[in-house]
Amino acid sequence: MNIKELLLKGKSFAELLRQFSIDAADVRIQDEDIILSDQYLKHQEVVKESICIEGKNKDGIINFFGTLHYNLLNKLAVFEMQGFEQVAVR
């Protein structure tokens, strides 16, 4: 299961996307493959990582910056947003 699917299980991440009119299909977690790599997670039960989540809506691209809290045993993920930027599409 990827991080986006785990985040969407929680109400707060889904609500964040709704507030910015972003469809879940238009969300990409930067460096997700590195975060989930076996070598990186080898000896960790809980991961806390600074990440950027990119979402697209009709007005452009929105980058959410924050911390991912990921529990490997329970397959839970929470995104703690610290800020965002909106990039207009021309």
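Peer 1: Honestly, the nonpolar core in this entry has me stumped. Any pointers?
Peer 2: For soluble globular proteins, nonpolar side chains are generally found buried alongside one another. If you look at the biggest cluster of nonpolar residues, it comprises 21 residues, and the most contacted ones within it are Leu7, Phe13, Ile53, Phe64, Leu68 and Phe79. Contributions of two or more residues to this core are made by helix H1 (3–9), helix H2 (11–19), strand E1 (27–29), strand E2 (46–57), strand E3 (60–71) and strand E4 (76–88). Per element, the largest residue contribution to this core is four residues, and it comes from E3. When neighbours within four sequence positions are excluded, Leu68 is seen to be in contact with Ile3, Leu7, Ile35, Val47, Lys48, Glu49, Ile51, Ala77 and Val78.

Peer 1: I would appreciate a short explanation of the packing of aromatic side chains in the present structure.
Peer 2: The geometry of an aromatic ring pair comes down to the distance between the two centres and the angle between the two planes. In total, this model carries three aromatic pairs according to the counting rule given. Here Phe13 and Phe79 contribute two aromatic rings whose centre-to-centre distance is 6.3 Å and whose plane-to-plane angle is 85°, an arrangement assigned as edge-to-face. On the criterion of sequence distance, the pair formed by Phe13 in helix H2 and Phe79 in strand E4 is long-range, its members being 66 residues apart. Judged by centre distance (5.1 Å) and plane angle (80°), the ring pair of Phe20 and Phe64 falls under edge-to-face.

Peer 1: What's the story with the pattern of salt bridges in this structure? I'm lost.
Peer 2: Close approach of charged atoms allows side chains with opposite charge to pair. By the definition in use, this model includes three salt bridges. In this structure, the salt-bridge partner of Arg18 is Glu15, at a minimum N-O distance of 3.3 Å. Taken together, the positions of Arg18 and Glu15, both in helix H2 and three residues apart, correspond to about one turn of that helix. Taking relative accessible area as the criterion, Arg18 reaches 55% and is therefore assigned exposed. Here Glu15 falls in the partly exposed class, since its relative accessible area comes to 35%. One salt bridge connects Arg28 with Glu54, and the closest N-O pair in it is separated by 3.8 Å. Note that Arg28 is positioned in strand E1 and Glu54 in strand E2, a separation of 26 residues in sequence. Exposure remark for Arg28: the relative accessible area of 44% places this residue in the partly exposed category.

Criteria and thresholds
Residues numbered from 1 in each chain as written. Predicted model: local features only at pLDDT ≥ 70, side-chain atom pairs only at ≥ 80, totals over all residues. Heavy atoms only, no water. Core = buried A, V, L, I, M, F, W, Y, C linked by side-chain atoms within 4.5 Å. Buried < 20%, exposed > 50% of the residue type's maximum accessible area, 1.4 Å probe, protein only. Helix = DSSP H or I, 4+ residues; strand = E, 2+ residues; numbered from the N terminus. Contact = heavy atoms within 4.5 Å. Phe/Tyr/Trp six-rings, centres within 6.5 Å; stacked < 30°, edge-to-face > 60°. Salt bridge = Lys/Arg side-chain N within 4 Å of Asp/Glu carboxyl O.

In short, shape yes, function no, at least from these values alone.
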